[in-house]
Amino acid sequence: MRVIETIGPCSFRPIGTILLTSPHAPPLFAAAAYVMAEIRYSSPSVGDLSSFSATTPRPVKIIQLQHPTTSTTSTPASSSSSFFGRWRGKMKRMTWEEWIELFLPCYRWIRTYKWREYLQPDLMSGITVGVMLVPQSMSYAKLAGLHPIYGLYSGFVPIFVYAVFGSSRQLAIGPVALTSLLVSNVLGSIVDSSEPLYTELAILLALMVGVFECIMGLLRLGWLIRFISHSVISGFTTASAIVIALSQAKYFLGYEIERSSKIIPLAKSIILGADKFLWQPFVMGSIILAIILAMKHLGKSRKSLRFLRASGPLTAVVLGTTFAKVYHPSSISLVGEIPQGLPRFSVPKEFGHVQSLIPTTVLITGVAILESVGIAKALAAKNGYELDSNQELFGLGVANIVGSFFSVYPTTGSFSRSAVNHESGAKTGLSGVVMGIIMGCALQFLTPLFEYIPQCALAAIVISAVIGLVDYDEATFLWRVDKRDFLLWTITCTVTLLLGIEIGVLVGVGVSLAFVIHESANPHIAILGRLPGTTVYRNIQQYPEAYTYNGIVIVRIDAPIYFANISYIKDRLREYEIESDGSTRRGPEVTRVHFVIIEMAPTTYIDSSAVQAFKDLHQEYKSRNIQIAISNPNRDVLLTLTRSGVVDLIGREWYFVRVHDAVQVCLQHVQRLNESPGTQSSLLENKSSIFQRVLRQRQEEVSLSQLESGNREIDTSHLEPLLSKKA
């Protein structure tokens, strides 16, 4: 018979062999052999037989947690120095081509350009989007309260600059509806759109937006916009689309309406001016709008007709211009004279208004990050190349800065034009260069024809573009999936409609952050139970078949622990100590909780306030004879607990790699506390039962190791840790 002894909590070694020379050996000798085996299993030293009980629990098999030492404990200073060391090392390893790509992202596609494969689709997509851009740019300039020529300028210079400094190969930048509305809203409250100062402020705003985008890109601060949820953006764009459509109603109705970003003044002015209604522009605008929407629908639904989607705005302009040129209708207002030629270099002026334009600058930059960078990353993923969002933001900023010296108002990436560019097969930034060439040709040769474009045709182009921004499908989806996000969408949309764009965005962001703070301050905490036949512990609310153990509470904190949520966590732990969770319970019958096991695998961070709270909680539990056990803390959390002395305060032996390890140790202690001293049986009976238990325990250990290694085909009915069959 092999005799073993324990070396620590989870390893064993043989210490010798006892030979039974005869099957008829004296019972006393056999009993002595049994006794020796049991004593060596339970303790490295031989003790008095009378001190042994037949119910001595077997040693538990656990994985040792590696506690950090002084050598592995890093300081913030060393972490920052290692960060800069890695950064310097990365800079030294960069080749000259990588340096060129860093400052000129266009070099990435230029050096790998496949002329036979890429040239034709780039030319076709550039021509398609360029034809779409010419009428759209004039329409969006009118929406911004500017002369149409500034829309053409904004669709010309920034495209070439972005083709050099932008990292996206399919993004089509230029004037967009949402940015145009923001420009109109803020500048209209400062000066009348008919005054030259209005145009100067729009150009200055482009410079400020470009500088702000470059700063955020260089400092890699694009992550700040992540705090604005998709529900806020969807609600904001839906409300903005409704306001934009109503603001274009004056070109359909034939009379002026109040310039406002609020729906009530717009609706009121439309109703009050109903006696000035003209049917001619309304009929013409409605027909052109129907044609554009029909062409867009056919282009989306049939791949063979997808060219119709891009040619819709051009068709509207051609039809409207032809009608106006032939019939000269006096009741339909026209665009009027447009200067011919390319934009000239000029320095932005009116820097005295910089302070009043800062809020709008921040808002337009936010829209640029959310819309442009989001579209660019999605297109990059579809086309199989990587895109740095901060470098993309820097490219947009440079395009606006350079453009401001050529009479450009703020530009950004367009969702609709970028989608058409991608669907048309654009492979590289050359398609953007082709767009710019088409825009330059329009400025140089076609502006005399633009004089006869009906204003209702441009309004129809704007309305057709913003109809897609009214995201009712998103609202329906949010109602089904998450009522809280639907509430956020509703609040943002309603406030934007009633109180204006700036207030709507601020309220939406504020409510969104309030939800984030509430979730962070009230994290999810789950009571864990053991899934039958496994060593896996899961939330008993999600897995009702999971069972818990008497005298032990196992909780999992699914969030970082810091000053804002530590009070909530402490309150919940006290509740779990008192209230019953209603799950199936097993184990020794005890009247109260003796152990609280905290699973910290989801906890990524713990601050000084939480450390102090852990110390207070330990003292509070200690006064009630309750022991805390910590399971699976990550390295950073364990370092913080070690530096603060919490590890030594609770006890290093109460830190475990797995929840199951902690449960085994705690169950052993609970069983000892629950057992009452029994009368000793005869020596021979004790020795016989001891030998049987040794053999049974070895079999259980082998079976348990098989179970924990993933073998689910073994019989697990007897593998409840440290529990007798009665339990």
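Keep in mind it's a predicted model, so treat the numbers as computed, not measured. What you see as residue numbers is a count from 1 along each chain, following the sequence as written. This being a predicted model, a pLDDT of at least 70 is required before a residue's local features are given, and a value of 80 or more before pairs of side-chain atoms are given or counted; all residues contribute to the totals for chains, interfaces and linings. Side-chain measures here rest on the full set of heavy atoms in the structure, leaving out hydrogens and waters.

Participant: Looking at this model, I keep getting lost on the overall build of the chain. Mind explaining?
Facilitator: Each helix and strand counted, the chain has 28 helices and 12 strands in total. Relative accessible area decides the class of each residue, using a 1.4 Å probe on protein chains only: under 20% of the type maximum gives buried, over 50% gives exposed, and in between gives partly exposed. In the chain, buried positions account for 49% of the 727 residues. A separation of at least 24 residues holds for 79% of the contacts in the chain among residues at least 6 apart in sequence. A total of about 35200 Å² of accessible surface is found on the chain, and carbon and sulfur atoms cover 61% of it. A run of H or I in DSSP counts as a helix once it spans at least four residues, and a run of E counts as a strand once it spans at least two, with each numbered from the N terminus. Note on definitions: a residue-residue contact is assigned when non-hydrogen atoms from the two residues lie within 4.5 Å. Here the Shrake-Rupley method, with its probe set to 1.4 Å, supplies the accessible areas, and only the displayed protein chains count as covering residues.

Participant: Please clarify how the packing of helix α9 (residues 196-218) against helix α15 (residues 354-383) should be interpreted in this entry.
Facilitator: Running from N to C, α9 and α15 cross one another at 55 degrees; their axes reach a closest spacing of 9 Å. Considered as vectors, α9 and α15 are oriented oblique to each other. As α9 runs across α15, the sense of the crossing is right-handed. Of the residues in α15, those in contact with Leu201, Leu204, Leu205, Met208, Val209, Phe212, Glu213 and Met216 of α9 are Val354, Leu357, Ile358, Thr360, Thr361, Val362, Ile364, Thr365, Ala368 and Ile369. Only C-alpha atoms enter the line fits that serve as axes; for helices the fit covers just the stretch in contact. Angles between N-to-C directions range over 0 to 180 degrees. Orientation categories follow fixed angle ranges, with anything under 35 degrees roughly parallel, anything over 145 roughly antiparallel, 65 to 115 roughly perpendicular, and all other angles oblique. Here a crossing is taken to be left-handed if its near helix is turned anticlockwise relative to the far helix by less than a right angle, and right-handed if that turn runs clockwise.

Participant: Teacher, can you tell me more about helix α24 (residues 608-623) here?
Facilitator: Each full turn of the α-helix corresponds to 3.6 residues, which orients residues three or four apart in the same direction. Between its first and last C-alpha, α24 extends 23 Å over 16 residues, near the 22 Å set by a 1.5 Å rise per residue. The set of residues buried in α24 consists of Ala610, Val611, Ala613, Phe614, Leu617, His618 and Tyr621. Considered in projection along α24, the buried side chains sweep an arc of 160 degrees and stay on one side of the axis. The exposed set on the far side of α24, more than 90 degrees from its buried face, consists of Ser608 and Ser623. Where the residues of α24 are buried, they touch α23 (566-578), β10 (595-599), β11 (627-631), α25 (635-644) and α26 (646-650). A helix is expected to span 1.5 Å for every residue after the first. The arc in question is the one spanned by the directions pointing from the helix axis to the C-beta atoms.

Participant: Could you clarify how one ought to interpret a nonpolar patch on the surface in this entry?
Facilitator: A patch consists of residues whose relative accessible area exceeds 30% and which take part in no salt bridge; residues with like charges are grouped when within 9 Å of each other, and nonpolar side chains (Val, Leu, Ile, Met, Phe, Trp, Tyr) when within 5 Å. A pair is scored as a salt bridge if a Lys or Arg side-chain nitrogen falls within 4 Å of a carboxyl oxygen belonging to Asp or Glu. On the surface, Trp99, Leu102, Phe103, Leu104 and Val164 cluster together into a nonpolar patch covering about 420 Å² of accessible area. Here the nonpolar patch gets three residues from one element, more than from any other, and that element is helix α3 (residues 96-103). As for its position among the elements, phenylalanine 103 is in helix α3.

Participant: I'm lost on helix α10 (residues 230-247) in this one. Help?
Facilitator: Over its 18 residues, α10 extends 25 Å from the first C-alpha to the last, a length consistent with the 26 Å expected when each residue adds 1.5 Å. In terms of burial, α10 is a largely internal element, 13 of the 18 residues being buried.

Participant: Looking at this structure, how should I read the pairing of β10?
Facilitator: Along a regular strand, successive side chains alternate from one face of the sheet to the other. Counting buried positions over the five residues of β10 gives five, a clear majority of the element. Note on pairing: two strands pair once DSSP finds at least 2 bridges between them. Two strands pair when backbone bridges link them, and strand β8 (residues 552-557) and β10 are joined in this way by five bridges, in the parallel orientation. Following the sheet pairing, valine 555 is matched in β10 by isoleucine 598. One ladder, built from five bridges, connects β10 with β11; its direction is parallel.

Participant: Which parts of the structure should I look at to understand the pattern of salt bridges?
Facilitator: When the charged atoms of two side chains with opposite charge come close together, those side chains can pair. This model, assessed by the stated rule, comprises 12 salt bridges. A salt bridge links arginine 108 to glutamate 101; the nearest nitrogen and oxygen atoms lie 4.0 Å apart. Here arginine 108 falls in the partly exposed class, since its relative accessible area comes to 24%. The exposure class of glutamate 101 is buried, given its relative accessible area of 12%. Where arginine 220 meets aspartate 388, a salt bridge forms, and the shortest distance between an N and an O atom there is 3.4 Å. Here arginine 220, found in the loop between α9 and α10, pairs with aspartate 388, found in the loop between α15 and α16 (389-404); they are 168 residues apart in sequence, far enough to count as distant. The class of aspartate 388 is partly exposed, set by a relative accessible area of 28%. Each of the salt bridges in this network shares a partner with another, and the network as a whole consists of Asp571, Arg574, Glu620 and Arg624.

Participant: Mind showing me how you'd approach empty space enclosed by the protein here?
Facilitator: Gaps left between atoms show up when a probe the size of a water molecule is rolled over them. Each cavity reported here is a set of points on a 1 Å grid over the protein atoms alone in which a 1.4 Å probe fits but cannot get out, each pocket an open set with protein on both sides within 12 Å along at least five of seven lines, and each lining residue one with an atom within 4 Å of a point. Grid points are joined across faces, edges and corners, and a volume is the space filled by probe spheres set on the points. Counted under the stated rule, the structure contains four cavities of 30 Å³ or more. Each pocket or cavity is described by its volume, and for the largest cavity that value is around 130 Å³. Lining of the largest cavity is provided by 17 residues; of these, Tyr162, Ala163, Leu171, Gly429 and Gly432 occupy positions nearest its centre. Elements represented by at least two residues in the lining of the largest cavity include exactly α7 (157-165) and α18 (430-450). Looking at the lining of the largest cavity residue by residue, the class counts come to eight nonpolar, eight polar and one charged. Ten residue types, Ala, Val, Leu, Ile, Met, Phe, Trp, Tyr, Cys and Pro, are classed as nonpolar, four, Asp, Glu, Lys and Arg, as charged, and the remainder, Gly among them, as polar.

Participant: Explanation requested: the packing of aromatic side chains in the structure shown.
Facilitator: For any pair of aromatic rings, geometry is given as the distance between the ring centres together with the angle between the planes. Ring geometry is summarised as follows: Phe, Tyr and Trp rings, the Trp one being its six-membered ring, pair when their centres sit within 6.5 Å, and such pairs are stacked at plane angles under 30 degrees, edge-to-face over 60 and tilted between the two. All chains considered together, the criterion is met by 16 aromatic pairs. Look at phenylalanine 486 and tryptophan 489: their rings are 6.5 Å apart centre to centre, the planes differ by 10 degrees, and that puts the pair in the stacked class. Of this pair, phenylalanine 486 and tryptophan 489 both sit in helix α21 (residues 483-499), three residues apart, which is roughly one turn of that helix. Under the relative-accessibility criterion, phenylalanine 486 is labelled partly exposed at 23%. Overall, tryptophan 489 belongs to the buried group, its relative accessible area being 8%. Note on phenylalanine 595 and tryptophan 654: the rings are 5.6 Å apart at their centroids and 35 degrees apart in plane angle, and the pair reads as tilted. Taken together, the residues phenylalanine 595 in strand β10 and tryptophan 654 in the loop between α26 and β12 (655-656) connect sequence positions 59 residues apart. For the residue pair phenylalanine 595 and tryptophan 654, the accessibility class agrees, reading buried in each case. What links up through ring pairs into an aromatic cluster is the set Trp109, Tyr113, Trp115 and Tyr118. The cationic tip of lysine 483 hangs over the ring face of tryptophan 479; the distance from NZ or CZ to the ring centre is 4.7 Å. When the NZ atom of lysine or the CZ atom of arginine is within 6 Å of a ring's centre and also within 35 degrees of its normal, the charge is said to sit over that ring.

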